[in-house]
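Each chain, letter by letter, is given below.
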Amino acid sequence: MNLVHPSVNRYLGGLAPTDDPVLREMEALAAERDFPIIGPQVGRLLQVLTVATGARRVLELGSGFGYSATWFAKGVGPKGLVVLTEGSPERAREAESFLKRAGLLNRVRIEVGDALKIAARERGPFDLILNDIDKADYPKVAPLAARLLRRGGLLVSDNMLWHGEVMEKRPRAAAVRGILGLTGELYGSGEFFTALVPLRDGVTISVRS
Ligand SMILES: C[S@@+](CC[C@H](N)C(=O)[O-])C[C@H]1O[C@@H](n2cnc3c(N)ncnc32)[C@H](O)[C@@H]1O
């Protein structure tokens, strides 16, 4: 299901085509491989949130080949840090190479392995956490993020509408159930205050209380 009307999507795309050549190359690679990146509209949103909140320490859960991390690394500024986590060593190597070419390698730390285990070892506090791991594991992210974020910090979760499947009456797919589990935590617990932005595949922005 196309969540955003195609003509709205075209309009949004036309407002701000990606001008950074490294980001453009990553977008082309994602299209060629059919690899899910957050895309330019959500990338722009992430950078806006980073700059608006003055975030200096960002943690990414599920970094792929570094596309979302590149938007963050631009936003945190020269003294900032983005910690990338990626289960695929090959993609982590690609992320390193792209970030180097973008001139942003000195703003990142790249960790290879299970993002949940790596995050459990991190001490924090972080100003912003991006959640983009396997969707079945989404419910595990809420308690981790509550521990690692400073008060007023943001947890941003991608794919929270999952092509509209979250609206099914009896969802059976593990991904949908995971997304709905996290949605319940984000809206039901007192630890976060959440808004869902129906951009691309749905992005929640949750402020840590
Ligand atoms: C949707 S892609 C991430 C895209 C990236 N955030 C971007 O927009 O550029 C998800 C990535 O997370 C990785 N991943 C999924 N679950 C993970 C986990 N539990 N630990 C580490 N990496 C994980 C996958 O290998 C994949 O590369």
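Please refer to the structure higher up on the page.
These remarks concern the structure in this document. (Residues numbered from 1 in each chain as written. Predicted model: local features only at pLDDT ≥ 70, side-chain atom pairs only at ≥ 80, totals over all residues. Heavy atoms only, no water.)

The next thing to look at is the overall build of the chain. Along its length, the chain carries eight helices and seven strands. Its C-alpha atoms give the chain a radius of gyration of 16 Å, within 12% of the compact-globule value 17 Å for 209 residues. Summarising its shape, the C-alpha atoms of the chain cover approximately 45 × 45 × 30 Å along the three principal directions. The buried share of the chain, reckoned over its 209 residues, is 50%. Approximately 10,300 Å² of the chain is accessible, and the part contributed by carbon and sulfur atoms is 54%. Within the chain, the 24 negative side-chain charges are centred at a point lying 5 Å from the centre of the 28 positive side-chain charges. (Helix = DSSP H or I, 4+ residues; strand = E, 2+ residues; numbered from the N terminus. Rg over C-alpha atoms; globule rule 2.2 N^0.38 Å. Buried < 20%, exposed > 50% of the residue type's maximum accessible area, 1.4 Å probe, protein only. Areas by Shrake-Rupley, 256 points an atom, 1.4 Å probe, with all protein chains shown as cover. Lys, Arg positive; Asp, Glu negative; His and termini not counted. Charge placed at Lys NZ, Arg CZ, Asp CG, Glu CD.)

Turning to the site of the ligand, a few remarks are in order. If you check the shell around the ligand, you find 18 residues, and the closest are I38, E86, R91, A115 and D132. Separating a nitrogen atom of the ligand from a backbone N or O atom of G87 is a distance of 3.0 Å. A distance of 3.1 Å is found between a nitrogen atom of the ligand and a backbone nitrogen or oxygen belonging to D134. Notes on the ligand: free accessible area 600 Å², of which the protein chains cover 89%. (Near = heavy atom within 4 Å. Polar contact = N/O pair within 3.5 Å; in protein donor to acceptor, adjacent residues only side chain to side chain.)

What follows concerns the environment of G178. With respect to the helices and strands, G178 occurs in helix α8 (residues 174-188). Taking the C-alpha atoms as reference, G178 lies 6.0 Å from D137; in sequence the two are 41 residues apart. Among residues more than four places away in sequence, those in contact with G178 are K135, A136, Y138 and P139. (Contact = heavy atoms within 4.5 Å.)

Quick look at helix α3 (residues 39-53) now. Helix length check: α3, at 15 residues, gives a terminal C-alpha distance of 21 Å against a target of 21 Å (1.5 Å per residue), a fit within 8%. Taken together, the buried positions of α3 are occupied by G39, V42, G43, L45, L46, L49 and T50. In a view along the axis of α3, the buried residues occupy a sector of 160°, so they form one face of it. Facing away from the buried side of α3 by over 90 degrees, the exposed positions are V51 and A52. Tucked into the core, α3 has its buried residues touching α4 (67-76), β4 (126-131), β5 (149-158) and β7 (203-208). (Expected span 1.5 Å × (residues − 1). Arc of directions from axis to C-beta.)

Bringing the pattern of salt bridges into the picture now. The full count for this structure, using the stated rule, is ten salt bridges. One salt bridge connects K74 with D20, and the closest N-O pair in it is separated by 2.5 Å. Residue K74 is found in helix α4, and its partner D20 is found in the loop between α1 (6-15) and α2 (21-33); the two are separated by 54 residues along the sequence. Linking R109 and E122 is a salt bridge whose minimum nitrogen-to-oxygen distance equals 2.9 Å. One end of the pair, R109, is in strand β3 (residues 108-112); the other, E122, is in the loop between α6 (115-121) and β4, with 13 residues separating them in the sequence. With relative accessibility at 30%, the residue R109 sits in the partly exposed group. (Salt bridge = Lys/Arg side-chain N within 4 Å of Asp/Glu carboxyl O.)

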